[in-house]
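Summary of structural features
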Amino acid sequence: MKQILVIAEIFAGQIRPITWELVTAARKIKNSPGLKQLSPTIQIIVPADNPALLSEKIAKQTGIDVIGLQIPELKNYTSEIYIYCLEQLIKKIDPSHVLAAHTSQGQDFAPGLALGLNAVAISGVNGIRSDENGLIYSRPVFNNTRNQMLRPASNRPVTLTLMPGTFKPDERKDGEPGRVDIRKIPFAPAVCGKEHIQHCRTVKKIFEDQTLEEAKVIIAAGRGIKEKEELKSILKFAQCFPTAAVGASRPLVDMNWLGYQHQIGITGATVAPKLYIACGISGSSQHLAGIKDAEFVVSINKNPQAPIFRHSDVCIIADIIEFIGTFLKKQEI
Ligand SMILES: Cc1cc2nc3c(=O)[nH]c(=O)nc-3n(C[C@H](O)[C@H](O)[C@H](O)COP(=O)(O)OP(=O)(O)OC[C@H]3O[C@@H](n4cnc5c(N)ncnc54)[C@H](O)[C@@H]3O)c2cc1C
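From a predicted model like this one, the values you see are computed outputs, not experimental measurements. (Residues numbered from 1 in each chain as written. Predicted model: local features only at pLDDT ≥ 70, side-chain atom pairs only at ≥ 80, totals over all residues. Heavy atoms only, no water.)

**Regarding the packing of helix α1 (residues 18–30) against helix α3 (residues 52–62)**
Axes are the key here: two packed helices are described by the angle between their axes and the distance separating the axes. One way to put it is that α1 packs onto α3 with a least axis distance of 12 Å and a crossing angle of 50°. Between α1 and α3, the angle is such that the two are oblique. The interaxial crossing formed by α1 with α3 has right-handed handedness. Side by side, α1 and α3 meet where Thr 19, Trp 20, Val 23 and Arg 27 of the first sit next to Ile 58, Gln 61 and Thr 62 of the second. Among the residues making up the contact of α1 with α3, the classes are represented as three nonpolar, three polar and one charged. (Axes fitted to C-alpha atoms, helices over the stretch in contact; angles between N-to-C directions. Helix = DSSP H or I, 4+ residues; strand = E, 2+ residues; numbered from the N terminus. Parallel < 35°, antiparallel > 145°, perpendicular 65-115°, else oblique. Left-handed = near helix turned anticlockwise from the far one by under 90°. Contact = heavy atoms within 4.5 Å. Nonpolar A, V, L, I, M, F, W, Y, C, P; charged D, E, K, R; others polar.)

This is the structure in structure tokens:
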């Protein structure tokens, strides 16, 4: 019985939300027709200097068994520590799949890990499906204008890095927590002959808001905003929601009114918030591709025929600046 391993994304002692998406993807692989009859099991690896609490939280949230990989040297992440220690552990397990996040951390260690495991590596996966010949993985290419479909052509383990915002986290029903097994693997640079990298420091980058991929609410501005100055209304509107991030259609980013990290769509971020409010966005296919997993879409547009209304749960026909002005006044009452 082969195992599907998920490598939890831990940063600054916290579990990153992409971890829950990795679990969704692992379940998708487990339940795919080709693998289902082999009854593979999922296990989650939590690499950290002190993984006990994090592991318990993940085991409780997912109901899946967790290996807390205690690496005393892992106060600060480096790819060498990760690759060396994960390789020691994973070689013994001999899994069919290893899933990591396509984040700065996952992109950094996953290819080296795949090499050490003699595994097939597919990065930036944004879709998993299967046909009569097994699993097929898709990944965006050519500046996100095409999706490339890939099928591993061997029985070697498959290492995947998965795009954040693509696999919706499963809702956890109450149930038994998974078991937690803490294993200690010290990093041994002398043995692996490495340690070329030493962590100096991590500097926090200040964004005006939180990242789009993690936001529960996104207020997105489009070309219905006529001047850069009017963006202040959008920012004020966003501040009415405690966990909101500001998104944008591409024209606003092309005009440098907002940075690229705000762009949503086929050449920007793929998002899956609980609430998406489109402010003066027409609803081009390129924009809609980025919000297909948004749970509830509200659109504010002065054109009743705007295509985005066909993809919205609530349609508000209004001038965006007037609407926000009225909304903010009502908030003050
Ligand atoms: C290869 C390629 C990749 C692309 N990638 C992306 C991408 O990743 N993301 C993306 O967003 N676009 C992308 N685009 C661009 C896309 O085709 C559209 O041009 C873009 O999404 C349009 O942005 P918009 O809806 O803000 O502007 P518009 O299409 O100009 O729409 C503005 C909307 O605002 C409404 N409006 C105007 N004034 C007001 C007002 N006062 N109050 C309320 N509503 C008002 C209008 O009725 C209209 O519906 C891409 C294009 C190409 C060719």
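**Here's the deal with the packing of aromatic side chains**
Applying the stated criterion to the full structure yields eight aromatic pairs. Residues Phe 237 and Phe 241 carry aromatic rings whose centres are separated by 5.8 Å and whose planes lie at 75° to one another, so their mutual orientation is edge-to-face. Centre to centre, the rings of Phe 237 and Phe 323 are 6.2 Å apart; their planes meet at 80°, and the pair counts as edge-to-face. Of this pair, Phe 237 sits in helix α7 (residues 231–239) while Phe 323 sits in helix α10 (residues 320–332), placing them 86 residues apart in sequence. Grouping aromatic residues by their ring pairs yields a cluster made of Phe 237, Phe 241, Phe 323 and Phe 327. (Phe/Tyr/Trp six-rings, centres within 6.5 Å; stacked < 30°, edge-to-face > 60°.)

**A look at the sheet that holds strand β15 (residues 275–279)**
Here we have five strands laid out as an open sheet, ordered β14-β13-β15-β16-β17, and parallel in their pairing. Looking at which strands have only one partner, the edges of the open sheet turn out to be β14 (244–248) and β17 (314–317). The sheet shows a mean angle of 15° between the axes of neighbouring strands, direction not considered. Bridging between β15 and strand β16 (residues 296–301) involves five bridges; their strand directions are parallel. Within the sheet, the bridge partner assigned to Ile 277 lies in β16 and is Val 298. Strands in contact with α7 are β13 (217–221), β14, β15 and β16; relative to β13, the strand with the most contacts, it is inclined by about 170°. (Pairing = 2+ DSSP bridges.)

**Structural notes on the site of the ligand**
The environment of the ligand is made up of 25 residues, and the closest members are Arg 223, Lys 226, Ser 249, Thr 267 and Ser 282. Gln 263 has a polar side-chain atom sitting 3.3 Å from an oxygen atom of the ligand. Separating an oxygen atom of the ligand from a side-chain N or O atom of Ser 282 is a distance of 2.6 Å. Taken by itself the ligand offers 990 Å² of open surface, and the protein chains cover 75% of this. Looking at the shell around the ligand, the elements that each hand over two or more residues are α8 (250–254) and α9 (285–288). Partitioning the shell around the ligand into residue classes produces six nonpolar, 14 polar and five charged. (Near = heavy atom within 4 Å. Polar contact = N/O pair within 3.5 Å; in protein donor to acceptor, adjacent residues only side chain to side chain. Areas by Shrake-Rupley, 256 points an atom, 1.4 Å probe, with all protein chains shown as cover.)

**Let's talk about the pairing of strand β9 (residues 134–141)**
Counting buried residues in β9 gives seven out of eight residues, a clear majority hidden from the surface. The sheet contact formed by strand β8 (residues 127–131) and β9 spans five bridges and is antiparallel. Counted as the bridge partner of Asp 131 is Gly 134 from β9. Connecting β8 to the antiparallel partner β9 that follows it, the hairpin turn spans two residues. By the bridge criterion, five bridges tie β9 to strand β10 (residues 146–150) in an arrangement that is antiparallel. Its bridge partner lying in β10, Tyr 137 is registered against Leu 150. (Buried < 20%, exposed > 50% of the residue type's maximum accessible area, 1.4 Å probe, protein only.)

**Quick notes on the domain arrangement of the chain**
Entries for the chain in the domain assignment read domain 1 (3–192) and domain 2 (212–332). The gap between the C-alpha centroids of domain 1 and domain 2 is 33 Å. Listed by partner, the interface residues are nine residues for domain 1 and 10 residues for domain 2. Taken together, the connections running from domain 1 to domain 2 amount to one salt bridge. As a salt-bridge pair, Glu 214 and Arg 16 come within 2.6 Å of each other at their nearest N and O atoms. At the boundary of domain 1 and domain 2, one finds one residue pair in polar contact (both at pLDDT 80 or more). In terms of residue class, the side of domain 1 that touches domain 2 is built from two nonpolar, four polar and three charged. (Domains from an automatic or database assignment. Salt bridge = Lys/Arg side-chain N within 4 Å of Asp/Glu carboxyl O.)

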